[in-house]
Amino acid sequence: MADWKDNVENIVYPGRIKVPYKWYVGEVGSRFLTGLRDKKEIWGTKCPNCSKVYVPPVKNCGECFVLTDQWVKVEDTGTLESFTVVSYSHEMMPTKAPIIYGLIKLGGADGAIMHIIDDVKKEDLKVGMKLKAVFADKREGTILDIKHFSPV
Ligand SMILES: [Zn+2]
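What comes next concerns the included structure. Worth saying up front: this structure is predicted, and the values here are computed from it rather than measured.

Attention now goes to the overall build of the protein chain. Within the protein chain, the regular secondary structure consists of one helix and eight strands. Over its C-alpha atoms the protein chain spans a radius of gyration of 22 Å, topping by over 25% the 15 Å that the globule rule assigns to 152 residues. Reported as C-alpha extents along the three principal axes, the dimensions of the protein chain are approximately 80 × 40 × 30 Å. Split into buried and exposed, the 152 residues of the protein chain put 20% on the buried side. Pairs at least 24 apart in sequence give 47% of the contacts found in the protein chain among residues at least 6 apart.

Right under this line is the structure:
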């Protein structure tokens, strides 16, 4: 005798679950973010072997695989190395589109930090231009304590 379940189509709906969570940024990330929040200072870590200064800081040099336990305060101004304009909005983005994201090599750092660029028209952006960090009035220990970078 056939069961009624033998003739039922299995229907599956796609879904999405939002799961709130907390994530420890680590001791290196915590020191970096408290520097932004409490003193408006940008700190990196320096490799004792190759002297490369990482901003944002890392715990280990990616080239030498040694601890980068020396802290270096870098400048809040830097050079634009690359940029892109994002023309659509997404809930994960910090502000509505269009947003200009740039790679900024800060004075005293060897790598570039990716951040938002504002107070400039995209037509006026030039690789090599000088930019300065603009800190948020209310800082909470996130990368957005640097509100954005603006032309000097
Ligand atoms: Zn190194």
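Moving on from the model shown.
This next bit is on the environment of phenylalanine 135. Turning to its location among the elements, phenylalanine 135 is positioned in strand β7 (residues 130-135). For phenylalanine 135, a count of 18 C-beta atoms within 10 Å puts it in the partly exposed group. Separated by 39 residues in sequence, phenylalanine 135 and lysine 96 place their C-alpha atoms 19 Å apart. Residue contacts for phenylalanine 135: discarding those within four places in its chain leaves Lys40, Asp145, Ile146 and Lys147.

Quick look at the environment of phenylalanine 65 now. With respect to the helices and strands, phenylalanine 65 occurs in the loop between β2 (53-54) and β3 (70-74). With 9 C-beta atoms counted inside 10 Å, the residue phenylalanine 65 sits in the exposed group.

One open sheet accounts for three strands, arranged β2-β1-β3; its pairing is antiparallel. Each of the sheet's edge strands pairs with one partner strand only, and the pair in question is β2 and β3. Bridge analysis of strand β1 (residues 42-46) against β3 gives five bridges, and the strand direction is antiparallel. Bridging across to β3, tryptophan 43 finds its partner in lysine 73.

What follows is about the nonpolar core. Among the nonpolar cores identified, the biggest contains 20 residues, and Ile42, Val55, Val74, Ile104 and Leu106 are the most heavily contacted of them. Broken down by secondary-structure element, the contributors of at least two residues to this core are α1 (26-39), β1, β2, β5 (99-106), β6 (113-117), β7 and β8 (146-151). Discounting residues that sit within four places of it in the chain, isoleucine 42 has contacts with Gly35, Leu36, Val55, Val74, Asp76, Leu106 and Ala133.

In the segment running from valine 55 into proline 56, the intervening peptide bond is cis, with an omega of 0°. Among the secondary structure elements, proline 56 is positioned in the loop between β2 and β3. Look at the link from alanine 97 to proline 98: it is a cis peptide, with omega at 0°. Mapped onto the elements, proline 98 comes out in the loop between β4 (77-86) and β5. Despite not being glycine, serine 51 has its phi angle at roughly 70°, a positive value. For serine 51, the position within the fold is in the loop between β1 and β2. A positive phi angle, close to 60°, is found at phenylalanine 65, a residue other than glycine.

In this model, α1 (14 residues) spans 19 Å end to end at C-alpha, consistent with the 20 Å of a helix rising 1.5 Å per residue. Every buried residue of α1 is listed here: Val28, Phe32 and Leu36. The arc enclosing the buried residues of α1, seen along the axis, measures out at 70°, which places them on a common side. Residues of α1 that are exposed and point more than 90 degrees away from the buried face comprise Gly26, Glu27, Ser30 and Asp38. At its buried positions, α1 is contacted by β1 and β8. With its phi angle positive at about 55°, lysine 40 sits one or two positions after the end of α1.

Conventions we followed
- Residues numbered from 1 in each chain as written.
- Predicted model: local features only at pLDDT ≥ 70, side-chain atom pairs only at ≥ 80, totals over all residues.
- Helix = DSSP H or I, 4+ residues; strand = E, 2+ residues; numbered from the N terminus.
- Rg over C-alpha atoms; globule rule 2.2 N^0.38 Å.
- Buried ≥ 20, exposed ≤ 12 C-beta atoms within 10 Å, placed from the backbone.
- Contact = placed C-beta atoms within 7 Å.
- Pairing = 2+ DSSP bridges.
- Core = buried A, V, L, I, M, F, W, Y, C linked by C-beta atoms within 7 Å.
- Expected span 1.5 Å × (residues − 1).
- Arc of directions from axis to C-beta.

In short, shape yes, function no, at least from these values alone.
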